[in-house]
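As a plain string of letters, each chain reads:
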Amino acid sequence: GNSVTQMEGPVTLSEEAFLTINCTYTATGYPSLFWYVQYPGEGLQLLLKATKADDKGSNKGFEATYRKETTSFHLEKGSVQVSDSAVYFCALSDGGYQKVTFGTGTKLQVIP
Amino acid sequence: DAEITQSPRHKITETGRQVTLACHQTWNHNNMFWYRQDLGHGLRLIHYSYGVQDTNKGEVSDGYSVSRSNTEDLPLTLESAASSQTSVYFCASSESAGNTGELFFGEGSRLTVL
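Reading the values: the criteria
- Residues numbered from 1 in each chain as written.
- Chains lettered and ligands numbered in written order.
- Predicted model: local features only at pLDDT ≥ 70, side-chain atom pairs only at ≥ 80, totals over all residues.
- Heavy atoms only, no water.
- Core = buried A, V, L, I, M, F, W, Y, C linked by side-chain atoms within 4.5 Å.
- Buried < 20%, exposed > 50% of the residue type's maximum accessible area, 1.4 Å probe, protein only.
- Helix = DSSP H or I, 4+ residues; strand = E, 2+ residues; numbered from the N terminus.
- Contact = heavy atoms within 4.5 Å.
- Salt bridge = Lys/Arg side-chain N within 4 Å of Asp/Glu carboxyl O.
- Disulfide = S-S within 2.5 Å.

*Asks:* How do you make sense of the nonpolar core when you look at a structure like this?
*Replies:* A:W35, A:L47, A:L48, A:F73, A:L75 and A:Y88 are the most contacted members of the largest nonpolar core, which has 26 residues in total. Counting residues per element, the ones that place at least two in this core are β2 (11-14), β3 (19-21), β4 (23-26), β5 (32-38), β6 (44-50), β8 (62-65), β10 (86-94) and β12 (106-111) of chain A. Considering every element that reaches this core, the biggest residue donor is β10(A), with four residues. In this view, A:Y88 contacts A:Q6, A:I21, A:W35, A:Y36, A:V37, A:L47, A:F62, A:L75, A:G105, A:T106 and A:L108; residues no more than four positions away in its chain are not counted. If you look at the next biggest cluster of nonpolar residues, it comprises 18 residues, including B:L21, B:Y64, B:L76 and B:Y89.

*Asks:* What is the right way to read the pattern of salt bridges from this model?
*Replies:* All names here are of chain B. On inspection of all chains with the given rule, the structure shows eight salt bridges over all chains. Here E14 makes a salt bridge to R17, at a shortest N to O gap of 3.4 Å. Residue E14 is classed as partly exposed on the basis of its relative accessible area of 46%. When the shortest N-O distance is used, the salt bridge between R36 and D38 registers 2.8 Å. Here the two residues R36 and D38 agree in accessibility, since each one is buried.

*Asks:* How should I be thinking about the state of the cysteines in this particular structure?
*Replies:* Disulfides are covalent bonds that link the sulfur atoms of two cysteine residues. All names here are of chain A. Inspection of the entire model under this criterion finds two disulfides over all chains. Across a sulfur-sulfur distance of 1.9 Å, C23 and C90 are joined as a disulfide pair. On the sign convention where negative means left-handed, the S-S torsion of about -70° between C23 and C90 marks this disulfide as left-handed. Of the two residues, C23 is situated in strand β4 and C90 in strand β10; the sequence distance between them amounts to 67 residues. C23 sits in the buried class, given a relative accessible area of 1%.

Set out below in structure tokens:
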């Protein structure tokens, strides 16, 4: 079945540091890939997505590239802010069944 | 604005009691899902529905049930609550036509079973 593996957290960074959160996946066919973000006390919201190989999703300074050859979708940001502190979830969708499989989440804490 | 709302936001109950968590969406989405969120497990799918009168089991469906009598609502029922069901529950919805899997989430319902 489908699965998503993302790096263990928590990740603690100083403000303006570079962020990478690794994500790899296992899926049949050609899934869509997502990063969701969960701020404290809230539900998840979509951060960015990519629907086919070599697509780059981007939003709010975050980027991730769909790499089919390495089955990866790593999240990056060049300069994090305190307001980026949240839990980040990598996910994939098997379009045929429209279900989404999530990774375990990576907590990011950015300190001033 | 369209939204998805869950109630109650917080619930404390006792072992063996029946509990129902409500989920209401105004997106007019056909697809609705219930997830539970636990530390170390991320989000796990409990039940899902692709339309009225359609319900399906997810990976952790034991002890839970859902019903879909209209497009807007997918209530989640815990038949006989157990301490292992203490968790945060999220309802989500998505489009069906041309769907790429993007989910819209409610704010969650925190359930404690004593």
